Protein chains: 2
Amino acid sequence: MAEGGRTAAVMAAIRRRIAARGLAPGERLPSIRGLATAMGVSPSTVVEAYERLAAEGAVRSRPGSGFYAAAPGPLPALAKIGPRLDRAVDPLWVSRQSLDAEPEIPKPGCGWLPPAWMPVAALRRAARGLARAEDSVLTDYGATRGPLPLRRMLARQCAGEGLAVGPDQVLLTGSGTQAIDLICRLLVRPGDTVLVDDPCYFNFQALLRAHRATVIGVPYTEAGPDPERFAAEAAAHRPRLYITNSALHNPTGATLSPAIAHRILNAAAAHDVTIVEDDIFAPFEPEPSPRLAGLDGLARVIRIGSFSKTLSASIRCGYVVAKAEWIEALIDLQVATSFGGVSPVAAELVAGVLGDGQYRKHLESLRRRLDRARRDAAERLAPLGIRPWLMPRGGFYLWCSLPETRDAAAVARAALRDGVVLAPGDVFSVSCTAGSRMRFNVAQMGDARVMPVLARALTVPEA
Amino acid sequence: MAEGGRTAAVMAAIRRRIAARGLAPGERLPSIRGLATAMGVSPSTVVEAYERLAAEGAVRSRPGSGFYAAAPGPLPALAKIGPRLDRAVDPLWVSRQSLDAEPEIPKPGCGWLPPAWMPVAALRRAARGLARAEDSVLTDYGATRGPLPLRRMLARQCAGEGLAVGPDQVLLTGSGTQAIDLICRLLVRPGDTVLVDDPCYFNFQALLRAHRATVIGVPYTEAGPDPERFAAEAAAHRPRLYITNSALHNPTGATLSPAIAHRILNAAAAHDVTIVEDDIFAPFEPEPSPRLAGLDGLARVIRIGSFSKTLSASIRCGYVVAKAEWIEALIDLQVATSFGGVSPVAAELVAGVLGDGQYRKHLESLRRRLDRARRDAAERLAPLGIRPWLMPRGGFYLWCSLPETRDAAAVARAALRDGVVLAPGDVFSVSCTAGSRMRFNVAQMGDARVMPVLARALTVPEA
């Protein structure tokens, strides 16, 4: 038996004795030498096993005195198995259903790619690189803005997209969402009005609700937000912020046109609206489309980025690009609310993958694979009468209408009972006018259960 | 030359040519075969180098067309070297000075241990374990509460301390500070009153300021908060929350007595005050001291924990233990403001170290080492007339009075000019009545520059 196997065997023996009350709480564990002889292992193996049991909390160590069985805790509650059906279908519904679904449950409603589509080999290389990093990378809080080499890399990337910034205008954060949250803390007061697209990424609504903002939707067209409605709402409500995705808009997959971008910027200037442009889907574009930040510079646009969709959602890391005085204020807020900036370990792993020669190829093959999956999903949805609003240039979403204006929330609830997580339209719509629409993640539709469950859910009357 | 060395040599050659404008922006890079021949390397080495340069942003790749020199970005601003002296000495002053100080600058004002005191070997083992983790650990958002095995481990640890909770009452968060921030989002509205200790951890003030709470300090005695003042402030202001550290109070190092704990809980019950007990220094105690959560259960106490002080501050991970209905509400807030829960990569690294047989030994040796450092620091400070308010039972802080009631902020500014970061008393004091006190981190006083700079700073008149 290998050394690890022997240690595990000793640990298992002690656990069994504690569970069977052969060792009562507080009772001393067998002597190291005695148990070593009894089990035919070395004393050091027993010591290692006792130490690990102490680390687990199953036994306690009293310095100079030995090891004792710990008082048993309450019986651990079983993990909640299966989905929760009792929750209102609100903007947090899809998030929580998707995040807490068992791994094997198909999730065409979720907002990320399956593990097999992610750069796993590069992530493993980055983890091995982390094991060799400087001590301080593994132990310290790190600088408030995040590590300079990663900020330089991001500043260069911005420059390549026509946005001239220095690394001091890049602030690394715990995620793209945390970046927007910090901006809301800085600029939004309870009761302030914030504009979003209708439909928009559902979590913008959840986030703004947490800030007690009044949220107003601007209808999203195939070429961007309706510029007349934007100007009218801006004039009527004097909103503090407008939050949007320009590249491959979530959920519609639409692309902002240069003409609409220009009109939105002019209306924002006329009514002093700050714009948060969440560029999280940028790496999925076949070629760059117009950006508000690119047209405006950083005068009134704040750019948000993240690595969650293409690199890893597990390594939490996002960033803000903004004018210098705002970065200073955001740093203070990030220190006050998270103590410190981004995790240096997270930044090291992200920089490791971004600097990996294979990453660009990963992105290219991802775009090709998504093009196929998008066409394939549209073809498989058509016989059910589910049709895309438009065919996006890239990304993983299809924003679809259901046949005969079926109630998407009812369909999503029925599918959830059969173990498939969907994203019904109204969670994306401030005005709740997308009740017969649904967002599909084409990368999450490979599982054979998805189409039959969806077909059945379309026919089930709401309970 | 090793393969990695050859790739680096090709990268360096191209970078030099771009820098010297031998390759203008947009100009095509040398052919792969041509450069391979010229540099005596294989074509695959040149391809690898070009890919890495593309990942860096120094060159651009056009599919099917080849590699081109990128447009140069703005010159990267030099990293700000040296400390910022122009900032008011407020509760964020110490945080930002400490976090952004160059690594070699001594920081007796900071709130963490030097890398050499941390479990670096176990962290490297955990990083190697991460490289072998399941794909989904490396790529996915993870469950909203955090991974069940780590929550089980923490629930067992709570049980060992007399706090019977199931793993569903444990919520993993991005840090201990983020845990308190989520609680404030749930329970505190702008204008609400929150009680803290006076002195208290300075970031509590910064955090509460971000929530626009009214902060009132309760004088901290050698045995805990003054119970009469606590009851009086609670009666007068009906505070929503009281935030405190019970084990090894920050900054004083004092220990809560059972009698005071009992009185505080009764006063909190009488005036319906919720208590946040931040237990971040618990692992430094020689033996457990009374806890409000242990006495009260989780009726009105919320327990906060973190691994930043003993395991790693770079891996951002903290946790909340609270009653089930609050956990549900905190999950919604964490999803809305961070999307998802704790980073699965971070949780995997933390669980790896906690489950490492060496971790308990690390904690024991840390306690012994800190006992020596505390005595040693007190002895070295005495000749300067700097005296501890009390000698703590554990941890790394000494809360001291300066001689002749010198102005600690002036001393800290003078020391900063000489490259030493100190923590002046008033940043800890809501009432600003600790102007001649200073908190010293005894683990950060080994550098030979500290005592001479401190001695000089005590004699320098404020500019």
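What counts, and where the lines are drawn
The numbering scheme is per chain: residues are counted from 1 as the chain's sequence reads. All chains are assigned letters beginning at A, and all ligands numbers beginning at 1, according to the order in which they are written. Selection of residues for local features in this predicted model requires a pLDDT of at least 70, selection of side-chain atom pairs for listing and counting requires 80 or more, and totals for whole chains, interfaces and linings are taken over all residues. The side-chain numbers reported here are obtained from all heavy atoms of the structure, hydrogens and water having been left aside. Cysteine sulfur pairs qualify as disulfides if the two atoms are within 2.5 Å. When accessible area is computed with a 1.4 Å probe and restricted to protein chains, residues below 20% of their type maximum are described as buried, those above 50% as exposed, and intermediate ones as partly exposed. Under this scheme, a helix contributes an axis fitted over its contacting stretch, all axes are lines through C-alpha atoms, and angles between N-to-C directions fall in the 0 to 180 degree range. Segments assigned H or I by DSSP are reported as helices when at least four residues long, segments assigned E as strands when at least two residues long, and all are numbered from the N terminus. For classification purposes, angles smaller than 35 degrees are called roughly parallel, those larger than 145 roughly antiparallel, those between 65 and 115 roughly perpendicular, and all remaining angles oblique. The criterion used for residue contact is that any of the two residues' heavy atoms lie within 4.5 Å. All residues other than Ala, Val, Leu, Ile, Met, Phe, Trp, Tyr, Cys, Pro, Asp, Glu, Lys and Arg, Gly among them, are scored as polar; the first ten of these are nonpolar and the last four charged. Put simply, buried area is how much 1.4 Å-probe accessible surface two parts lose in total, over both of them, once they are put together. Put simply, a salt bridge is a Lys or Arg side-chain nitrogen that is within 4 Å of an Asp or Glu carboxyl oxygen. Overlaid copies result from least-squares superposition on C-alpha atoms, with residues included only where pLDDT is at least 70 in both. For every domain, the bounds stem from an assignment made automatically or drawn from a database. Expected helix span is given by 1.5 Å per residue-to-residue step, counting one fewer step than there are residues. The definition of a polar contact used here is a pair of N or O atoms within 3.5 Å, where within protein one atom must be able to donate a hydrogen and the other to accept one, and adjacent residues in sequence count solely through side-chain atom pairs. Any pair of Phe, Tyr and Trp rings, taking the six-membered ring for Trp, is counted once the centres come within 6.5 Å. Such a pair is stacked with planes under 30 degrees apart, edge-to-face with planes over 60 apart, and tilted for the rest.

### As for the state of the cysteines
Line of reasoning, step 1. Considering all chains together, one arrives at 0 disulfides over all chains under this definition.
Line of reasoning, step 2. In this structure Cys317(A) is not part of a disulfide, and its nearest cysteine sulfur, from Cys158(A), lies 14 Å away.
Line of reasoning, step 3. By relative accessible area, Cys317(A) is classed as buried at 1%.
Line of reasoning, step 4. Of the cysteine sulfurs around Cys432(B), a residue in no disulfide, the closest is that of Cys200(B), at 11 Å.

### Concerning the packing of helix H4 (residues 91–100) of chain A against helix H13 (residues 324–338) of chain B
Line of reasoning, step 1. Put simply, H4(A) and H13(B) touch, their axes get as near as 10 Å, and they point 100 degrees apart. One way to sum up the angle between H4(A) and H13(B) is to call them roughly perpendicular. Across from Leu92(A), Ser95(A), Arg96(A) and Leu99(A) in H4(A), the residues of H13(B) making contact are Glu328(B), Ile331(B), Asp332(B), Val335(B) and Ala336(B).
Line of reasoning, step 2. Broken down by class, the residue content of the contact of H4(A) with H13(B) amounts to 5 nonpolar, 1 polar and 3 charged.

### Comments concerning the interface of chain A and chain B
Line of reasoning, step 1. Counting residues at the interface gives 104 residues for chain A, matched by 106 residues for chain B.
Line of reasoning, step 2. A buried area of about 8,400 Å², summed over both sides, lies between chain A and chain B, and 54% of it is on carbon and sulfur atoms.
Line of reasoning, step 3. Interface area lost by chain A to chain B is led by Leu99(A), Tyr141(A) and Phe339(A), which between them contribute 9%.
Line of reasoning, step 4. Put simply, chain A and chain B have 12 salt bridges between them.
Line of reasoning, step 5. Across the pair Arg185(A) and Asp181(B) runs a salt bridge whose closest N-O atoms are separated by 2.3 Å.
Line of reasoning, step 6. Of the residues contributing to the side of chain A that touches chain B, the split by class is 48 nonpolar, 24 polar and 32 charged.

### Things to note about the relation of the copies chain A and chain B
Line of reasoning, step 1. After a rotation of 180 degrees and a shift along the axis of 0.1 Å, chain A superposes on chain B with an RMSD of 0.1 Å. A rotation of that kind, with that shift, is consistent with a two-fold axis.
Line of reasoning, step 2. Comparing interface residues between copies, 100% of those in chain A also lie at the interface in chain B; the contact surface is shared.

### Some remarks on the domain arrangement of chain A
Line of reasoning, step 1. Each assigned domain of chain A is listed with its residue range as follows: domain 1 (3–69), domain 2 (91–117 + 360–459) and domain 3 (120–354).
Line of reasoning, step 2. Using only C-alpha atoms to locate each centre, domain 1 of chain A and domain 2 of chain A end up separated by 50 Å.

### Quick look at the environment of Ser401(B)
Residue and element names in this part refer to chain B.
Line of reasoning, step 1. Locating Ser401 in the fold gives a position in strand E12 (residues 397–401).
Line of reasoning, step 2. Classification of Ser401 as partly exposed rests on a relative accessible area of 24%.
Line of reasoning, step 3. Discounting chain neighbours no more than four positions away, the residues touching Ser401 are Gly385, Ile386, Arg387, Ser436 and Arg437.

### Overview of the pattern of salt bridges
Opposite charge on two side chains lets them pair, provided their charged atoms get close.
Line of reasoning, step 1. The full count for this structure, using the stated rule, is 50 salt bridges over all chains.
Line of reasoning, step 2. For the salt bridge of Arg374(A) with Asp371(A), the shortest nitrogen-to-oxygen distance reads 3.1 Å. With Arg374(A) and Asp371(A) both in helix H15 (residues 359–381), this residue pair falls 3 residues apart, about one helical turn.
Line of reasoning, step 3. In this structure, Arg125(B) and Asp356(B) form a salt bridge, with 2.8 Å as the shortest nitrogen-oxygen distance. Residue Arg125(B) is located in helix H5 (residues 120–131), and its partner Asp356(B) is located in the loop between helix H14 (344–354) and helix H15 (359–381); the two are separated by 231 residues in the primary sequence.
Line of reasoning, step 4. When salt bridges with common partners are traced through the structure, they connect Glu161(A), Asp279(A), Glu285(A), Glu287(A), Arg291(A), Arg303(A) and Arg393(A) into a single cluster.

### Considerations on helix H8 (residues 176–187) of chain B
Residue and element names in this part refer to chain B.
Line of reasoning, step 1. In a regular helix each residue adds 1.5 Å, so 12 residues correspond to 16 Å; H8 covers 17 Å between its end C-alpha atoms and thus fits that length.
Line of reasoning, step 2. Regarding H8, the residues found buried are Gly176, Thr177, Gln178, Ala179, Ile180, Asp181, Leu182, Ile183, Cys184, Arg185 and Leu187.
Line of reasoning, step 3. The backbone nitrogen of Thr177 has a side-chain oxygen 3.4 Å away, supplied by the residue at the start of H8, namely Ser175.

### Remarks on the packing of aromatic side chains
All names here are of chain A.
Line of reasoning, step 1. Tallied over the full model, the rule gives 30 aromatic pairs over all chains.
Line of reasoning, step 2. For the pair Phe281 and Phe396, a centre-to-centre distance of 5.8 Å together with 80 degrees between the ring planes defines the contact as edge-to-face. Of this pair, Phe281 sits in the loop between strand E8 (274–278) and helix H12 (292–296) while Phe396 is found in the loop between strand E11 (387–388) and strand E12 (397–401), placing the two residues 115 residues apart along the sequence. With respect to class, Phe281 is no different from Phe396; both count as buried.
Line of reasoning, step 3. Geometrically, the ring pair formed by Phe284 and Phe396 is edge-to-face, given 5.4 Å between the ring centres and 85 degrees between the ring planes. Placement of the pair is Phe284 in the loop between E8 and H12 and Phe396 in the loop between E11 and E12, with a sequence separation of 112 residues.

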